Amino acid sequence: MKIKDILARDKVTLSFEVFPPKKGMPFEPIVTAVDRLCQSRPDFMSVTYGAGGGTGHNTVKIASHVQNELGVTALAHLSCVSSTREQVSEAIAEIKAAGIENILALRGDIPQGASAGDYPVGEYYRYASDLVQEIKRQGDFCIGAACYPEGHIECAHKEDDIANLKIKVDSGVDFLTTQMFFDNNILYNFLYRIRERGITVPVIAGIMPITNGKQIAHVTELSGTYVPTRFKAIVDKFGDNPAAMKQAGIAYATEQIIDLVANGVKAIHIYTMNKPDVAESIRSNLSCIIGDEQ
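The following refers to the structure shown. (Residues numbered from 1 in each chain as written. Predicted model: local features only at pLDDT ≥ 70, side-chain atom pairs only at ≥ 80, totals over all residues. Heavy atoms only, no water.)

What to know about the overall build of the protein
Selection rule: A run of H or I in DSSP counts as a helix once it spans at least four residues, and a run of E counts as a strand once it spans at least two, with each numbered from the N terminus. Throughout, radius of gyration means the C-alpha value; the globule benchmark is 2.2 Å times the number of residues raised to the power 0.38. Each residue's exposure class comes from its accessible area (1.4 Å probe, protein chains only) as a fraction of the maximum for that residue type: buried when under 20%, exposed when over 50%, partly exposed otherwise. When checking whether two residues touch, look at their non-hydrogen atoms; a contact exists if any pair is within 4.5 Å. A positive count includes Lys and Arg, and a negative count includes Asp and Glu. His and the chain ends are not counted in either. Working definition for charges: the position is that of NZ of Lys, CZ of Arg, CG of Asp or CD of Glu.
Across its full length, the protein holds 12 helices and 8 strands. The C-alpha radius of gyration of the protein comes to 18 Å, within 12% of the 19 Å expected for a compact globule of 294 residues. Along the first, second and third principal axes, the C-alpha set of the protein runs to 50 × 45 × 40 Å. Scored against the burial criterion, the 294 residues of the protein give a buried share of 54%. Taking contacts inside the protein between residues at least 6 apart in sequence as the whole, the part at least 24 apart equals 80%. Between the mean site of the 29 positive side-chain charges and the mean site of the 35 negative ones, the protein shows a separation of 1 Å.

Following this line, the structure appears as structure tokens:
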């Protein structure tokens, strides 16, 4: 099923993200985690991508398992910044052969120690909008893309970031998924601004449950995400108590989602970090809010 059709339904949707094992790590624990996550009946599950010929093949393998064996709609991530045009074309063909209809088109991050000049335009794609056009050329896919409520970390001005987003959406994007955020007002302001600029596709709110005190420093370093004072207080108080931090992180994510739903946001995506117990707890906390029937 295409995700744009899932999002068009008159209901709140809840979806999960998982990531394949890193190179050299065992595959079986990920399958176990995915199997358990699917028992929580997400509306769809996204699988992240290992770029540059690394672990990208595992993305399709897991997404195929999710969709064809577990019966949950799969969204395969595909990034292009460090993959050649030929590699991207092969990846799209592999996704298509697996019967997966949904692709999240990402530029991806330039590998550490490299620069944009290491990936010439004739051999590589430079922008996600270029990747979107290539995906459309190769098949009848439902295409998603990323958006950044606080602005992309590489873009100095938010208005420029929204202008770039408009180009990406106009190239053929069917829906957007946000980077994580911890203050809902940031999302509400972002939605107002993009709608003013004519970006009307559905926006899925990406929620990251922080269940480990060390996790927050890593997240903010990578993404520049703003951390509200009240959440900093939670980390300061419970960060050294793993059980308490996990409970507090789940409660904070649940509260975020409740507020989003109350304010008309109908699509929620949880960055699970391959932790089924965390996703299960949040899903249970929301049972009457989003409904038990997924």
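A few points about the packing of helix α2 (residues 28-38) against helix α11 (residues 276-285)
The following threshold applies: Axis definition: a line fitted to C-alpha atoms, over the contacting stretch in the case of helices. Angles run 0 to 180 degrees between N-to-C directions. These descriptions rest on fixed angle ranges, namely under 35 degrees for roughly parallel, over 145 for roughly antiparallel, 65 to 115 for roughly perpendicular, and the rest for oblique. Each residue is assigned to one class: nonpolar for Ala, Val, Leu, Ile, Met, Phe, Trp, Tyr, Cys and Pro, charged for Asp, Glu, Lys and Arg, and polar for all the others, Gly among them.
One way to put it is that α2 packs onto α11 with a least axis distance of 9 Å and a crossing angle of 10°. Looking at the two axes, α2 sits roughly parallel to α11. Residues A33, R36 and L37 of α2 touch α11, and the partners they reach there are P276, D277, A279 and E280. Residues that form the contact of α2 with α11 fall into these classes: 4 nonpolar, no polar and 3 charged.

Quick word on α11
The condition that has to hold: An arc is given here, and it is the one of the directions from the helix axis to the C-beta atoms.
Restricting attention to buried positions, one finds in α11 the residues P276, V278, A279, I282 and R283. The arc that holds every buried residue of α11, seen down its axis, measures 160°, which confines them to one face. Each element contacted by the buried residues of α11 is listed here: β1 (13-18), α2, α10 (242-262), β8 (267-271) and α12 (287-290).

Things to note about helix α5 (residues 128-138)
All buried positions along α5 are accounted for by A128, S129, L131, V132, E134, I135 and Q138. Where α5 is buried, its residues touch β3 (74-79), α4 (85-97), β4 (102-106), β5 (142-147) and α6 (158-170).

Notes on the side chain of H77
Worth spelling out the cut-off: Definition of a polar contact: a pair of N or O atoms within 3.5 Å, with one able to donate and the other able to accept a hydrogen when the atoms are protein atoms, and with sequence-neighbouring residues admitted only if both atoms are side-chain atoms.
By secondary structure assignment, the location of H77 is in strand β3. By relative accessible area, which is 6% here, H77 ends up buried. Within polar-contact distance, the side chain of H77 engages the side chain of S46 at 3.3 Å. For H77, the contacting residues outside a window of four places in its chain are E17, S46, V47, T48, Y49, T59, L104 and L106.

Looking at empty space enclosed by the protein
This is how the line gets drawn: For cavity detection a 1 Å grid was placed over the protein atoms alone, and a set of points counts as a cavity when a 1.4 Å probe fits there but cannot get out; an open set counts as a pocket when protein lies on both sides within 12 Å along at least five of seven lines, with lining residues being those that have an atom within 4 Å of a point. Grid points are joined across faces, edges and corners, and a volume is the space filled by probe spheres set on the points.
This model, assessed by the stated rule, comprises 1 cavity of 30 Å³ or more. Its volume calculated, the largest cavity comes out at about 40 Å³. Every residue lining the largest cavity is listed: P209, T211, Q215, Y271, T272, M273, K275 and V278.

Digging into unusual backbone geometry
The residue R41 is not glycine, and still its phi comes out positive at about 60°. Locating R41 in the fold gives a position in the loop between α2 and β2 (45-47). Notably, N274 is not glycine yet its phi reads approximately 60°, a positive angle. Following the sequence through the fold, N274 ends up in the loop between β8 and α11.

Topic: the nonpolar core
The line we're drawing: Throughout, nonpolar core names a set of buried Ala, Val, Leu, Ile, Met, Phe, Trp, Tyr and Cys residues whose side chains join them through atoms within 4.5 Å.
M45, L78, I135, L176 and I268 are the most contacted members of the largest nonpolar core, which totals 65 residues. Ranked by residues supplied to this core, first place goes to α10 with 5 residues. Setting aside anything within four residues of it in sequence, one finds L78 in contact with Y49, V88, A91, I92, I103, L104, A105, L106, L131 and I135. Judged by nonpolar contacts, the second largest core, of 14 residues, contains I234, V235, M245 and A248.

Brief notes about the layout of surface pockets
Taken as a whole, the second largest pocket spans an internal volume of roughly 220 Å³. It is helix α7 (residues 184-196) that provides the largest number of residues to the lining of the second largest pocket, a total of 4 residues. Looking at the lining of the second largest pocket residue by residue, the class counts come to 8 nonpolar, 3 polar and 3 charged.

Some remarks on the environment of G56
Assignment of secondary structure puts G56 in helix α3 (residues 56-69). Linking G56 and M208, residues 152 residues apart in sequence, is a C-alpha distance of 23 Å.

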